[in-house]
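# Structure at a glance
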Amino acid sequence: MSKQTEIRRKTVRDIAAAKGGQPLVCLTAYDAPMAEIMDPHCDVILVGDSVGMVVHGLPSTVGVTMEMMILHGQAVMRGSDQAFVVVDMPFGSYETNADQAFLNAARLMQETGCQAVKIESGAYAAHQIEHLVERGVPVMGHVGLRPQAINVVGGFKAQGRTGGERDRVMAEAKAAENAGAFAIVIEGVAEDLAEEITRAVAIPTIGIGASAACDGQILVTQDMLGLFDWTPKFVRRYGDVRAGIEKSIEGYAADVRARRFPGAAETYKLSKP
Ligand code: KIV
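These remarks concern the structure in this document. Keep in mind it's a predicted model, so treat the numbers as computed, not measured. (Residues numbered from 1 in each chain as written. Predicted model: local features only at pLDDT ≥ 70, side-chain atom pairs only at ≥ 80, totals over all residues. Heavy atoms only, no water.)

Moving on: the overall build of the chain. In terms of helices and strands, the chain carries eleven helices and eight strands. Projected onto the principal axes, the alpha-carbon positions of the chain cover approximately 75 × 55 × 35 Å. Counting the 273 residues in the chain, one finds 48% classified as buried. Expressed as a percentage of contacts within the chain between residues at least 6 apart in sequence, the contacts between residues at least 24 apart total 57%. (Helix = DSSP H or I, 4+ residues; strand = E, 2+ residues; numbered from the N terminus. Buried < 20%, exposed > 50% of the residue type's maximum accessible area, 1.4 Å probe, protein only. Contact = heavy atoms within 4.5 Å.)

What follows is about helix α11 (residues 241-257). Since there are 3.6 residues in each turn of an α-helix, residues three or four apart along the chain are aligned in direction. When the terminal C-alpha atoms of α11 are compared, their 24 Å separation across 17 residues agrees well with the 24 Å that a helix rising 1.5 Å per residue should span. Directly after α11, the chain includes Arg 259, whose backbone phi takes a positive value near 60 degrees. (Expected span 1.5 Å × (residues − 1).)

Once that is clear, we can look at the environment of Pro 90. Inspection of the secondary structure puts Pro 90 in the loop between β3 (84-88) and α5 (98-112). Between the C-alpha atoms of Pro 90 and Glu 67, which are 23 residues apart in sequence, the distance is 9.7 Å. Discounting residues that sit within four places of it in the chain, Pro 90 has contacts with Val 64, Thr 65, Met 66, Met 69 and Gln 148.

Our next topic: the nonpolar core. One finds Ile 45, Met 89, Leu 108, Val 117, Ile 119 and Leu 132 to be the most contacted residues of the largest nonpolar core, which totals 55 residues. Considering every element that reaches this core, the biggest residue donor is helix α4 (residues 66-79), with six residues. In this view, Ile 45 contacts Leu 27, Ala 29, Ala 35, Met 38, Asp 39, Val 76, Ser 80, Ala 83, Phe 84, Val 85 and Val 86; residues no more than four positions away in its chain are not counted. (Core = buried A, V, L, I, M, F, W, Y, C linked by side-chain atoms within 4.5 Å.)

Right, let's get into the pairing of strand β2 (residues 44-47). Residues Val 44 and Leu 46 of β2 are buried on one face, and the alternating residues Ile 45 and Val 47, pointing to the opposite face, are buried as well. Where the polypeptide runs from strand β1 (residues 24-28) across helix α2 (residues 32-38) and back to β2, its parallel neighbour, the crossover connection is right-handed. Sheet analysis places β2 next to β3, joined by four bridges and oriented parallel. Note on β3: the bridge partner recorded for Val 47 is Val 87. (Right-handed = clockwise from strand over helix to strand, strands pointing away. Pairing = 2+ DSSP bridges.)

This next bit is on the site of the ligand. Around the ligand sit Thr 28, Leu 46, Gly 48, Asp 49, Ser 50, Asp 88, Lys 118, His 142, Val 185, Ile 208 and Ile 218, and that is every residue in its neighbourhood. The separation between an oxygen atom of the ligand and a polar side-chain atom of Ser 50 is 2.5 Å. The contact in question runs from an oxygen atom of the ligand to an N or O atom on the side chain of Lys 118, over 2.9 Å. In the complex, the protein chains occlude 95% of the 260 Å² of accessible area that the ligand would expose alone. Judged by its atoms lying within 2 Å of the grid points, the ligand is housed in the largest pocket. (Near = heavy atom within 4 Å. Polar contact = N/O pair within 3.5 Å; in protein donor to acceptor, adjacent residues only side chain to side chain. Areas by Shrake-Rupley, 256 points an atom, 1.4 Å probe, with all protein chains shown as cover. 1 Å grid on protein atoms, 1.4 Å probe; cavity = no way out; pocket = protein on both sides within 12 Å on 5 of 7 lines; lining within 4 Å. Sits in = over half its atoms within 2 Å of the grid points.)

Here is the structure:
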């Protein structure tokens, strides 16, 4: 029998054990260098289907494919070695039935080496979650604002504003937990609902635009780094990388046009024999 390799990464048990304790630190990543930078600081790295909007310039996450998630998932796994890595199941990869969900989740795990998948979990998805967990796939749920459903909702709108919506979001969270999800992302809901859900479920809740009442927080990394001109209300900017990139590119363009780059230091010379 081959020697068991040591697991250095955080596991699903570490994440589940964080319920009610120190908040879980989670960020998105889509490539190896960014994963490497955030890895020592994060409990969870999510290869979110937000990659479609953030990296590929799509208007929503609906156009994201399995192939995109696999490519970005592989890069993030190569760049990290201690965080727990979750890869999003894209729109159309799990909704049809439990068999479709398992085949695609297994493909994500086998081809990327990720430790879990995330499913935007309307009530219908409970069956899929149960099916995956029974077959060895850890699942993170995702309730509240579900970006893959924006065409039904009519935009990126906060959820849980009416009594009926609140009941639905709460029921979806409980259904995900009962189906075996190890954690749930709660996106775009008011603080009191996030607090109620966090109290009602025994698994960690990870908030994005869902207040400090959750057991952890996640943001799209490029949003918090300040890569875009506009960010939603719930994002705090921890950097201004757009200005830094613009300044660097302006400097490069000016140097090339003025023949200041490349200079002697950046030029190969034939060494004398
Ligand atoms: O796709 C994503 O990045 C996400 C986070 C916003 C939670 O689902």
